[in-house]
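Letter by letter, the chains look like this.
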Amino acid sequence: MAAQSGAAKKIHSDAYGALIEALTTINWNKIPFEQDIRRRLREHPELLVRLDFTTTKRQTAAQLVHMLMDRESEYRTSPSS
């Protein structure tokens, strides 16, 4: 097996699209959607304050995913060794 380099691979753009879709469809209604996103991001208030929950679920999910994409290296957790 080849040795892995220290640099993590970038997440494929299709995976980000799938994440938008998943976030949008996990909760059917908007209030549970917002509660779920707020719970998931409780340790990242810098993301929460920038989200606009007055838009559609899909727009909010896309906004969040784009913020994650822009700073992928900061928000991506490394698998445990």
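Details of the structure are given in the entry above.
### Digging into the packing of helix α1 (residues 13-26) against helix α4 (residues 57-70)
Stage number 1. Packing of α1 against α4 brings their axes to within 9 Å, and their N-to-C directions diverge by 140°. Judged by the angle between their axes, α1 and α4 are oblique. The interaxial crossing formed by α1 with α4 has right-handed handedness. Counted together, Tyr 16, Leu 19, Ile 20, Glu 21, Leu 23 and Thr 24 of α1 and Lys 57, Arg 58, Ala 61, Ala 62, Leu 64, Val 65, Leu 68 and Met 69 of α4 form the full contact between these two elements.

### Focus: the nonpolar core
Stage number 1. Counting residues in hydrophobic clusters, the biggest one holds 17 residues, and the most contacted among them are Leu 23, Ile 37, Leu 41, Leu 47, Leu 51 and Leu 64.
Stage number 2. Counting residues per element, the ones that place at least two in this core are α1, α2 (30-40), α3 (45-48) and α4.
Stage number 3. The greatest single-element share of this core, amounting to six residues, is contributed by α4.
Stage number 4. In contact with Leu 47, not counting residues within four places along its chain, are Leu 41, Leu 64, Met 67, Leu 68 and Tyr 75.

### What to know about the environment of Glu 21
Stage number 1. Residue position: Glu 21 is located in helix α1.
Stage number 2. Each C-alpha atom of the pair Glu 21 and Lys 57 lies 9.8 Å from the other, and the pair is 36 residues apart in sequence.
Stage number 3. Only 3.0 Å separates the side chain of Glu 21 from the side chain of Arg 58, close enough to count as a polar contact.

### Quick notes on α1
Stage number 1. With 14 residues, α1 extends 20 Å between its outermost C-alpha atoms, agreeing within 8% with the 20 Å of an ideal straight helix rising 1.5 Å per residue.
Stage number 2. Listed as buried for α1 are Tyr 16, Ile 20, Leu 23 and Thr 24. Along the axis of α1, the buried positions cluster into a sector of 100°, meaning they face one direction only.
Stage number 3. The elements touched by buried residues of α1 are α2, α4 and α5 (72-75).

### Some thoughts on the pattern of salt bridges
A side chain with one charge can pair with a side chain of the opposite charge if their charged atoms come near.
Stage number 1. For the structure on display, the rule yields six salt bridges.
Stage number 2. Between Glu 72 and Lys 10 there is a salt bridge; the shortest N-O distance is 3.6 Å. With Glu 72 in helix α5 and Lys 10 in the segment before α1, this residue pair connects regions lying 62 residues apart in the sequence.
Stage number 3. Of the residues examined, Glu 72 reaches a relative accessible area of 8% and is grouped as buried.
Stage number 4. For Lys 10, a relative accessible area of 68% gives the class exposed.
Stage number 5. Sharing partners across several salt bridges, the network here consists of Asp 36, Arg 39 and Arg 40.

Reading the values: the criteria
- Residues numbered from 1 in each chain as written.
- Predicted model: local features only at pLDDT ≥ 70, side-chain atom pairs only at ≥ 80, totals over all residues.
- Heavy atoms only, no water.
- Axes fitted to C-alpha atoms, helices over the stretch in contact; angles between N-to-C directions.
- Helix = DSSP H or I, 4+ residues; strand = E, 2+ residues; numbered from the N terminus.
- Parallel < 35°, antiparallel > 145°, perpendicular 65-115°, else oblique.
- Left-handed = near helix turned anticlockwise from the far one by under 90°.
- Contact = heavy atoms within 4.5 Å.
- Core = buried A, V, L, I, M, F, W, Y, C linked by side-chain atoms within 4.5 Å.
- Buried < 20%, exposed > 50% of the residue type's maximum accessible area, 1.4 Å probe, protein only.
- Polar contact = N/O pair within 3.5 Å; in protein donor to acceptor, adjacent residues only side chain to side chain.
- Expected span 1.5 Å × (residues − 1).
- Arc of directions from axis to C-beta.
- Salt bridge = Lys/Arg side-chain N within 4 Å of Asp/Glu carboxyl O.

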